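# Tertiary structure, described
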There are 2 protein chains.
Amino acid sequence: MKQNIKVAVDAIVFGYSHNQLMVLLIRRKYGELKGQWALPGGFVKDDEGLDTAVVRELQEEAGISVNFLEQLYTFGDQVDRDPRFRVISVAYFALVNPSRLVLKADTDADDAQWFPIQGLPALAFDHADIIRMAVARLQSKLQYQPVGFDLLPEQFLFSDLEQLYATILDQAIDRRNFRKKILSLGVVEETTQKVQQQSGRPAMLFRFNKRKYQKLQKEGISFEIKFA
Amino acid sequence: MKQNIKVAVDAIVFGYSHNQLMVLLIRRKYGELKGQWALPGGFVKDDEGLDTAVVRELQEEAGISVNFLEQLYTFGDQVDRDPRFRVISVAYFALVNPSRLVLKADTDADDAQWFPIQGLPALAFDHADIIRMAVARLQSKLQYQPVGFDLLPEQFLFSDLEQLYATILDQAIDRRNFRKKILSLGVVEETTQKVQQQSGRPAMLFRFNKRKYQKLQKEGISFEIKFA
DNA sequence: AGACTTATGCGTATTGCATACACAAATATA
DNA sequence: TATATTTGTGTATGCAATACGCATAAGTCT
């Protein structure tokens, strides 16, 4: 059995800070593409699972562990997507919340960096395409799964959640209807704490109800078509 | 760069006949697992894309070409899913309509066969898991994409379409509401032909409006959440 | 101190779509 | 001719998404 194809994993890690959707990128240190920015990832070892490989690479390259991880798509239709040799890449979709957003300087701090989704640098390989697909996935996910939890801190303002949806979906949101919708799902709870912003009425802090959240994450948000 | 992982593709091909959901399986001819049933598929060549590989394998192993093909998932978390050596498999989801349902005897007719989803034989590798995931995908797809077209003949009865949904989703359907729903999407058109079944009122033949169908297939069926 | 600005929090009317359900039409068969 | 069988259509109800207005609680400006 002769076959000469290498298997890599890549991760698109999304974070949310300062009202912006961010993506984690790594500056390549070696080889032809040295200096270029790319998604974190690398080759899979012979004795490790694909999932294990992503987790390891994220730890090695950015010292980060994620809140949410799922397979996105496997890129391998184009034989020459890697200029060096034939590589197929299993791409993973990941989310981190702010408490894990800080990049440890395991590797040089300079090599791993967050970029806002609108201001990405030139990327190696087909990584720009991969990110585009990941953004689409995030957007659609937002509509049928309560994903916000994995991007927000423990406690947050309702306006934060609203901003997050507005930013990622890139559309205006009616605050009142949004609130009604989210509260009706029962995934967020009011805490007893208030927070004072710049000016205006102080806001209540909210937190996610983890149980209901995880339940809904599995089941999906309540819309199924029922003919019967 | 030392890595010893082989890349395979497998296809879950669904067909629909005699009011049953069918899956295409292949009997393995060689090796340790000789005689066992498995999904059609095989190793990817060094100079072909993943998508090309699936199409080729389906042609080689069953002499079949499909109506719909999309990537399902890549299986590679378990290192020993293939007893021979490390293999990751990119699984594809495919649909064929009855006009292509016939298996050419390219290979022995005996080696490729349709099985009803409820009556599958013992399967090699983790192929039973793969099929389970594919069925779930088909069921959910049915709810947000007009998939029926790729499983039905050019012209069909409304009751066929209804039966198909009922069979795959495994639930009873209210004929009147189903009809209303589907017609409101505008993807099916009445033809001028009537057909007489066993007894009862003769039924009109319908066909899909390909344009609207393809449009909806890309956009998804009309439910987005709009907060604004 | 009072008027104004800013942001939060809540309520109500409307509309559209999913659901539930009943009967007429057109054929075969007994 | 009556009965069974399958197709085809219509209407009432309820819930959820949308649209929209206003009160509340702060800071800020004059």
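Computed from a prediction, not measured in an experiment: that's the story for all the values here.

## Brief notes about the domain arrangement of chain A
All names here are of chain A. For chain A, the assigned domains read domain 1 (6-141) and domain 2 (156-219). Put simply, the middle of domain 1 and the middle of domain 2, counted by C-alpha atoms, are 28 Å apart. When residues of domain 1 are sorted by the area they lose upon contact with domain 2, Tyr16, Asn19 and Gln139 head the list and together hold 68% of the total. Applying the counting rule to domain 1 against domain 2 returns zero salt bridges. At the surface where domain 1 touches domain 2, the tally comes to two residue pairs in polar contact (both at pLDDT 80 or more). Classifying every residue of the side of domain 1 that touches domain 2 by side-chain character gives four nonpolar, three polar and no charged.

## Quick look at the sheet that holds strand β9 (residues 188-195) of chain B
All names here are of chain B. Sheet architecture is open: three strands sit in the order β8-β10-β9, paired in antiparallel fashion. Strands at the two margins of the open sheet, each flanked by one partner only, are β8 (155-157) and β9. Put simply, the sheet's adjacent strands are angled 40 degrees from each other on average, direction ignored. Where β9 and strand β10 (residues 203-208) come together, five bridges link them in antiparallel fashion. Counted as the bridge partner of glutamate 190 is phenylalanine 206 from β10. Sheet strands touched by helix α3 (residues 158-169): β8, β9 and β10. Its angle to β8, the strand with the most contacts, is close to 75 degrees.

## A look at the packing of aromatic side chains
All names here are of chain B. For the coordinates displayed, the defined rule picks out 24 aromatic pairs over all chains. With a centroid separation of 4.8 Å and 35 degrees between ring planes, the pair formed by phenylalanine 156 and phenylalanine 208 is classed as tilted. One end of the pair, phenylalanine 156, is in strand β8; the other, phenylalanine 208, is in strand β10, and 52 residues separate them in sequence. When its relative accessible area of 8% is taken as the criterion, phenylalanine 208 is described as buried.

## Here's the deal with the pairing of strand β2 (residues 20-27) of chain A
All names here are of chain A. For β2, a buried count of six out of eight residues is recorded, marking the element as mostly surrounded by other parts of the structure. Strand direction decides the pairing type here: strand β1 (residues 6-17) and β2, joined by four bridges, are antiparallel. Bridge pairing links phenylalanine 14 to valine 23 in β2. Taking the residues between adjacent antiparallel strands as the criterion, β1 and β2 are bridged by two residues, where histidine 18 takes a positive phi near 50 degrees. As paired elements, β2 and strand β7 (residues 112-116) share five bridges and run antiparallel to each other. Counterpart to isoleucine 26 in the pairing with β7 is alanine 112. Bridge count for β2 against strand β3 (residues 37-38) is two bridges, and the pairing is antiparallel.

## Examining the interface of chain A and chain B
Counting from both sides, the interface comprises 41 residues of chain A and, opposite them, 41 residues of chain B. Summing the contributions of chain A and of chain B, the shared interface buries around 3600 Å²; its carbon and sulfur component is 58%. Joining chain A to chain B, the criterion identifies 20 residue pairs in polar contact (both at pLDDT 80 or more). Counting only elements with at least two residues in the side of chain A that touches chain B, the list comes to β1, α1 (50-62), β5 (68-75), β6 (87-95), α3 (158-169) and α4 (175-185) of chain A. Of all the elements, β5 of chain A adds the most residues to the side of chain A that touches chain B, at four residues. By residue class, the composition of the side of chain A that touches chain B is 22 nonpolar, eight polar and 11 charged.

## Some thoughts on the side chain of lysine 6 of chain B
Assignment of secondary structure puts lysine 6 of chain B in strand β1 (residues 6-17). At 3.4 Å, the side chain of lysine 6 of chain B forms a polar contact with the backbone oxygen of glutamine 3 of chain A. In contact with lysine 6 of chain B, other than residues within four places in its own chain, are Met1 and Gln3 of chain A together with Phe43, Phe85, Arg86, Val87 and Ile88 of chain B.

## Overview of the side chain of glutamate 48 of chain B
Following the sequence through the fold, glutamate 48 of chain B ends up in the loop between β4 (41-43) and α1 (50-62). Excluding residues within four positions of it along the chain, glutamate 48 of chain B makes contact with Val79 and Arg86 of chain A together with Phe43, Ala53 and Arg56 of chain B.

## Thoughts on α3 of chain B
Owing to its 3.6 residues per turn, the α-helix aligns residues three or four sequence positions apart on the same side. Residues and elements named next belong to chain B. In a regular helix each residue adds 1.5 Å, so 12 residues correspond to 16 Å; α3 covers 17 Å between its end C-alpha atoms and thus fits that length. Looking at α3, one finds that the buried residues are Phe158, Leu161, Glu162, Leu164, Tyr165, Ala166, Ile168 and Leu169. Once α3 finishes, aspartate 170 follows within two positions and takes phi at roughly 55 degrees, a positive value.

## Focus: the relation of the copies chain A and chain B
Overlay of chain A on chain B (RMSD 0.1 Å): rotation 179 degrees, translation along the axis 0.0 Å. Look at the turn and shift together and you get a two-fold axis relating the two. Of the interface residues in chain A, 100% have counterparts in chain B that sit at the interface too, so the contact is made through matching surfaces.

## Quick notes on the packing of α3 of chain A against α4 of chain A
Between two packed helices, what matters for the description is the angle formed by their axes and the separation of those axes. Residue and element names in this part refer to chain A. Look at α3 against α4: their axes get within 11 Å of each other, and the N-to-C directions meet at 100 degrees. Here α3 lies roughly perpendicular to α4, going by the angle between them. Judged by residue contacts, Phe158, Leu161, Glu162 and Tyr165 of α3 engage Arg175, Phe178, Arg179, Ile182 and Leu183 from α4. The class makeup of the residues in the contact of α3 with α4 is six nonpolar, no polar and three charged.

About the cut-offs
- Residues numbered from 1 in each chain as written.
- Chains lettered and ligands numbered in written order.
- Predicted model: local features only at pLDDT ≥ 70, side-chain atom pairs only at ≥ 80, totals over all residues.
- Heavy atoms only, no water.
- Domains from an automatic or database assignment.
- Buried area = accessible area lost by both parts, 1.4 Å probe.
- Salt bridge = Lys/Arg side-chain N within 4 Å of Asp/Glu carboxyl O.
- Polar contact = N/O pair within 3.5 Å; in protein donor to acceptor, adjacent residues only side chain to side chain.
- Nonpolar A, V, L, I, M, F, W, Y, C, P; charged D, E, K, R; others polar.
- Pairing = 2+ DSSP bridges.
- Helix = DSSP H or I, 4+ residues; strand = E, 2+ residues; numbered from the N terminus.
- Axes fitted to C-alpha atoms, helices over the stretch in contact; angles between N-to-C directions.
- Contact = heavy atoms within 4.5 Å.
- Phe/Tyr/Trp six-rings, centres within 6.5 Å; stacked < 30°, edge-to-face > 60°.
- Buried < 20%, exposed > 50% of the residue type's maximum accessible area, 1.4 Å probe, protein only.
- Expected span 1.5 Å × (residues − 1).
- Least-squares fit on C-alpha atoms with pLDDT ≥ 70 in both.
- Parallel < 35°, antiparallel > 145°, perpendicular 65-115°, else oblique.

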